[in-house]
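Listed here are the chains, written in short residue letters.
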Amino acid sequence: MRDLRSALLRLVLVPDAAGGAKPRVAVDERKALPGRGAWVHPTVACLDLAVRRRAVPRALRVDAPLDLTEVRDWLESADR
């Protein structure tokens, strides 16, 4: 489903803070971080659908599966 950019949540790949080679998926609250973004509605249901469809790795052009635990925690803590 399509929606206005202001109604969507942007997800981006950021380098691991520990210096590891594996990047992590982070929520771009200001919608200003550099790089490709994956856009989802800010609900756990939409994130679950994106996971089932493998939409986030495809949008970010990544072959490996991504850990979206941080995004899920952010959504649950924000009570969206």
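Read on for an overview of the structure. (Residues numbered from 1 in each chain as written. Predicted model: local features only at pLDDT ≥ 70, side-chain atom pairs only at ≥ 80, totals over all residues. Heavy atoms only, no water.)

**What to know about the pattern of salt bridges**
Turning to step 1, where the next piece is worked out: Evaluated as defined, the whole model comprises 3 salt bridges.
Turning to step 2, where the next piece is worked out: A salt bridge links Asp28 to Arg10; the nearest nitrogen and oxygen atoms lie 2.6 Å apart. Of this pair, Asp28 sits in strand S2 (residues 24–28) while Arg10 sits in strand S1 (residues 9–14), placing them 18 residues apart in sequence.
Turning to step 3, where the next piece is worked out: Look at Asp28 and you get buried, because its relative accessible area is 3%.
Turning to step 4, where the next piece is worked out: Residue classification places Arg10 among the buried residues on the basis of a relative accessible area of 7%.
Turning to step 5, where the next piece is worked out: For Arg24, the salt bridge is made with Glu70, and the minimal N-O distance between the two is 2.8 Å. Pair noted here: Arg24 is in strand S2 and Glu70 is in helix H3 (residues 69–78), with a separation of 46 residues, a long-range link. (Salt bridge = Lys/Arg side-chain N within 4 Å of Asp/Glu carboxyl O. Helix = DSSP H or I, 4+ residues; strand = E, 2+ residues; numbered from the N terminus. Buried < 20%, exposed > 50% of the residue type's maximum accessible area, 1.4 Å probe, protein only.)

**Describing the nonpolar core**
Turning to step 1, where the next piece is worked out: Counting residues in hydrophobic clusters, the biggest one holds 14 residues, and the most contacted among them are Leu9, Leu11, Val27, Val56, Leu68, Val71 and Leu75.
Turning to step 2, where the next piece is worked out: Looking at this core element by element, the count peaks at 3 residues for H3.
Turning to step 3, where the next piece is worked out: Beyond its immediate sequence surroundings of up to four residues, Val27 is in contact with Leu9, Arg10, Leu11, Val71 and Trp74. (Core = buried A, V, L, I, M, F, W, Y, C linked by side-chain atoms within 4.5 Å. Contact = heavy atoms within 4.5 Å.)

**Brief notes about the layout of surface pockets**
Turning to step 1, where the next piece is worked out: Put simply, the largest pocket is a space of about 350 Å³.
Turning to step 2, where the next piece is worked out: Taken together, 15 residues make up the lining of the largest pocket; nearest its centre are Met1, Trp39, Val40, His41 and Cys46.
Turning to step 3, where the next piece is worked out: Sorting the residues of the lining of the largest pocket by element identifies strand S3 (37–40), helix H1 (44–52) and helix H2 (55–60) as the ones contributing at least two each. (1 Å grid on protein atoms, 1.4 Å probe; cavity = no way out; pocket = protein on both sides within 12 Å on 5 of 7 lines; lining within 4 Å. Points joined across faces, edges and corners; volume = space filled by probe spheres on them.)

**Regarding the packing of H1 against H3**
Turning to step 1, where the next piece is worked out: Orientation of H1 relative to H3, taken along the N-to-C sense of each, is 165 degrees, at an axis distance of 10 Å. Classed by the angle they form, the pair H1 and H3 counts as roughly antiparallel. Where H1 crosses over H3, the handedness of that crossing is left-handed. Packed against H1, whose contacting residues are Val44, Leu47 and Asp48, the element H3 presents Val71, Arg72, Leu75 and Glu76 at the interface.
Turning to step 2, where the next piece is worked out: In the contact of H1 with H3, the residues fall into 4 nonpolar, no polar and 3 charged. (Axes fitted to C-alpha atoms, helices over the stretch in contact; angles between N-to-C directions. Parallel < 35°, antiparallel > 145°, perpendicular 65-115°, else oblique. Left-handed = near helix turned anticlockwise from the far one by under 90°. Nonpolar A, V, L, I, M, F, W, Y, C, P; charged D, E, K, R; others polar.)

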